[in-house]
Amino acid sequence: MNSQPRELQRAIAALLEQVQGRHVYRPLTEEQLVSSAIELANHPTVVGLLPMQSEELEQAMADAMPALERFRADARVRATHADLTDDTDEIMERATRAASRVVLVPHYTVDRGVPTVTHRYVAEDLDAVLGYVTLLLFDRDRDCGNRLCICKLEGCGRLFWERRNPSGGPPARLFCSVEHMQQANGAQNAERVRKHREKKRRAKRVGKSTK
Ligand SMILES: [Zn+2]
């Protein structure tokens, strides 16, 4: 089911570490936090993939499933609606309520005179962290929501970040991977060939009947 278990495990660990009382709070950049939430949202059943097995953690994840489902739905709204309107009111109300249970503690490291500012997201539960990430996604002054896309390949629907085009063109926003782009194009080509043959066959039949 999951092609990148290690990345997913890292994402789950990063998020759970922010949940109060469970682990050491590892400081994260905003991008790491948002990416971890998106990664988690892409995997509907994560209980069997926890970074460390414990009954307490499995229970925590099982409890968080409804919050995760809601977050997935909210993120999809953000990724599909270029022009956001009143239908986000309910999402905002819920997200702001949840996010009020997160405290950001700044963390600084300086390497050769260059500082990096990260945060520990000290949260009551996963719902609170996901609510905060939802606000980041919908914040117009931040870029992460604008870069969020949904894979158009039938049966995929993965959330992903637009990919920069190495040849300088517009970024790739339609498919989550090169493989899925090729699969979609392959399906399109097969359909085109099928239609072309069908047309030819019909033309032949018409040609015969007029003789
Ligand atoms: Zn895909």
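Whatever comes next refers back to the structure up there.
Residues numbered from 1 in each chain as written. Predicted model: local features only at pLDDT ≥ 70, side-chain atom pairs only at ≥ 80, totals over all residues.

(A) Up close: the overall build of the chain. Tallying secondary structure elements over the chain gives 6 helices and 4 strands in all. The secondary structure elements of the chain, listed N-terminal to C-terminal, are α-α-α-α-β-β-α-β-β-α. Classification of the 211 residues of the chain by burial places 24% in the buried group. (Helix = DSSP H or I, 4+ residues; strand = E, 2+ residues; numbered from the N terminus. Buried ≥ 20, exposed ≤ 12 C-beta atoms within 10 Å, placed from the backbone.)

(B) Spotlight on the nonpolar core. Counting residues in hydrophobic clusters, the biggest one holds 33 residues, and the most contacted among them are Ala-37, Ala-41, Ala-75, Tyr-121, Val-129, Leu-130 and Val-133. If one sorts the elements of this core by residue count, helix α5 (residues 126–138) sits on top with 8 residues. Viewed by domain, this core spans two of them, domain 1 (1–142) and domain 2 (147–211), each represented by three or more residues. Setting aside chain neighbours within four positions, we find Ala-41 in contact with Leu-68, Phe-71, Arg-72, Ala-75 and Leu-159. (Core = buried A, V, L, I, M, F, W, Y, C linked by C-beta atoms within 7 Å. Domains from an automatic or database assignment. Contact = placed C-beta atoms within 7 Å.)

(C) Main features of unusual backbone geometry. Here the phi dihedral of Arg-112 falls at roughly 45 degrees; this positive angle occurs in a residue that is not glycine. Within the secondary structure layout, Arg-112 lies in the loop between β1 (102–111) and β2 (114–123).

(D) Main features of the pairing of β2. Across 10 bridges, β1 lies against β2 in antiparallel orientation. In the strand pairing of β2, Val-103 is matched with Val-122. (Pairing = 2+ DSSP bridges.)

(E) Spotlight on the packing of helix α2 (residues 30–41) against α5. α5 packs onto α2 with a crossing angle of 110 degrees between their chain directions and a minimal axis gap of 10 Å. Considering their axes alone, α2 and α5 lie roughly perpendicular with respect to each other. For the pair α2 and α5, the contacting residues are Glu-30, Leu-33, Val-34 and Ala-37 in the first and Leu-130, Val-133, Leu-136 and Leu-137 in the second. A breakdown of the residues in the contact of α2 with α5 according to their chemical character gives 7 nonpolar, no polar and 1 charged. (Axes fitted to C-alpha atoms, helices over the stretch in contact; angles between N-to-C directions. Parallel < 35°, antiparallel > 145°, perpendicular 65-115°, else oblique. Nonpolar A, V, L, I, M, F, W, Y, C, P; charged D, E, K, R; others polar.)

(F) How the structure looks around helix α4 (residues 89–99). Every buried residue of α4 is listed here: Ile-91, Ala-95 and Ala-98. When α4 is viewed along its axis, its buried side chains cluster within an angular range of 65 degrees and face the same direction. The exposed residues of α4 that point more than 90 degrees off its buried face are Asp-89, Glu-90, Glu-93 and Arg-97. (Arc of directions from axis to C-beta.)

(G) Structural view of α5. Taking 1.5 Å of rise per residue, the 13 residues of α5 would be expected to cover 18 Å, and the 18 Å separating its terminal C-alpha atoms lies within 8% of that figure. Summarising burial for α5: 11 of the 13 residues are buried, a large majority. Of the residues making up α5, those classed as buried are Leu-126, Asp-127, Ala-128, Val-129, Leu-130, Gly-131, Tyr-132, Val-133, Thr-134, Leu-137 and Phe-138. (Expected span 1.5 Å × (residues − 1).)

(H) Structural view of the packing of α4 against α5. With their axes 7 Å apart at the nearest point, α4 and α5 run at an angle of 130 degrees to one another. As far as their axial angle goes, α5 and α4 are oblique. By crossing handedness, the relation of α4 to α5 is classed as left-handed. Counted together, Ile-91, Met-92, Arg-94, Ala-95, Thr-96, Ala-98 and Ala-99 of α4 and Asp-127, Ala-128, Leu-130, Gly-131, Tyr-132, Thr-134, Leu-135 and Phe-138 of α5 form the full contact between these two elements. Taken together, the residues of the contact of α4 with α5 break down into 10 nonpolar, 3 polar and 2 charged. (Left-handed = near helix turned anticlockwise from the far one by under 90°.)

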